[in-house]
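Inside the fold
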Amino acid sequence: MKKQFCVIVFISLLSLFLPDNIYAQNFRGHASGEIGFINFKLRAQYEMPVRENYSVGINCNIYFINFVGPSFEPFFRAYLRKHGNEKGFFGQGKLIYGNLSQASSEDRFNMFGFGLGGGYKFLIKDHFTIEPILGYRFVSPPPGPQSALFYFTTGFP
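Residues numbered from 1 in each chain as written. Predicted model: local features only at pLDDT ≥ 70, side-chain atom pairs only at ≥ 80, totals over all residues. Heavy atoms only, no water.

Right, let's talk about the overall build of the protein for a bit. Counting its secondary structure elements, the protein contains 2 helices and 9 strands. Taken across its 157 residues, the protein has 34% of its residues classed as buried. Total accessible area computed for the protein in this model is approximately 9700 Å², and 68% of it derives from carbon and sulfur atoms. (Helix = DSSP H or I, 4+ residues; strand = E, 2+ residues; numbered from the N terminus. Buried < 20%, exposed > 50% of the residue type's maximum accessible area, 1.4 Å probe, protein only. Areas by Shrake-Rupley, 256 points an atom, 1.4 Å probe, with all protein chains shown as cover.)

Relative to the helices and strands, Lys 94 is located in strand S6 (residues 88–102). Within polar-contact distance, the side chain of Lys 94 engages the side chain of Glu 73 at 3.1 Å. (Polar contact = N/O pair within 3.5 Å; in protein donor to acceptor, adjacent residues only side chain to side chain.)

This brings us to the environment of Gly 36. Residue position: Gly 36 is located in strand S2 (residues 30–36). The exposure class of Gly 36 is buried, given its relative accessible area of 5%. Residues Gly 36 and Asn 61, 25 residues apart in the sequence, show an inter-C-alpha distance of 9.8 Å.

Summarising the model, the protein shows a mean pLDDT of 78, and 77% of its residues fall at 70 or more. Contacts of residues 12–24 to residues separated by more than four positions or lying in other chains number 21 contacts, the stretch itself having pLDDT below 50. (pLDDT = per-residue confidence, 0-100. Contact = heavy atoms within 4.5 Å.)

On to the pairing of S2. The element S2 is largely enclosed, with a buried count of 5 among its 7 residues. The pairing of S2 with strand S3 (residues 41–51) spans 7 bridges and is antiparallel. By the bridge assignment for S3, Gly 33 is matched with Ala 44. In sequence, S2 turns back onto S3 through a hairpin of 4 residues. (Pairing = 2+ DSSP bridges.)

Okay, here's the thing in structure tokens:
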């Protein structure tokens, strides 16, 4: 618990000196990261083009409050033909796996699921992206009575 507290303090202090989102893009892929302040988490994403209008990638989340631990979300995207896979509208499907514990317990549980959604990738000056996404995910609930808290906190930004 002390180690976890030190990690949270370090990341909190670091977040004061970093912008909320960090992005880098090139022709071979797109890497991004962010810090969630409402539901405190770190998120890293890598997206790689497969063909002109398709890409694959993975999101990695590390949650620090309520439900604690990592989750991994490999995804597939299909973009509209007009802009290729660098910007524009896309549909997305993803698989979900997480190994979490409730913050008040050391007992870990696995979550499995999938998600469907769509969004738009804005590309600003060829190096900065913004991706609003709307979708729904279906995941297995944690053991115990805190299912509503789980769905609200792990799905919230």
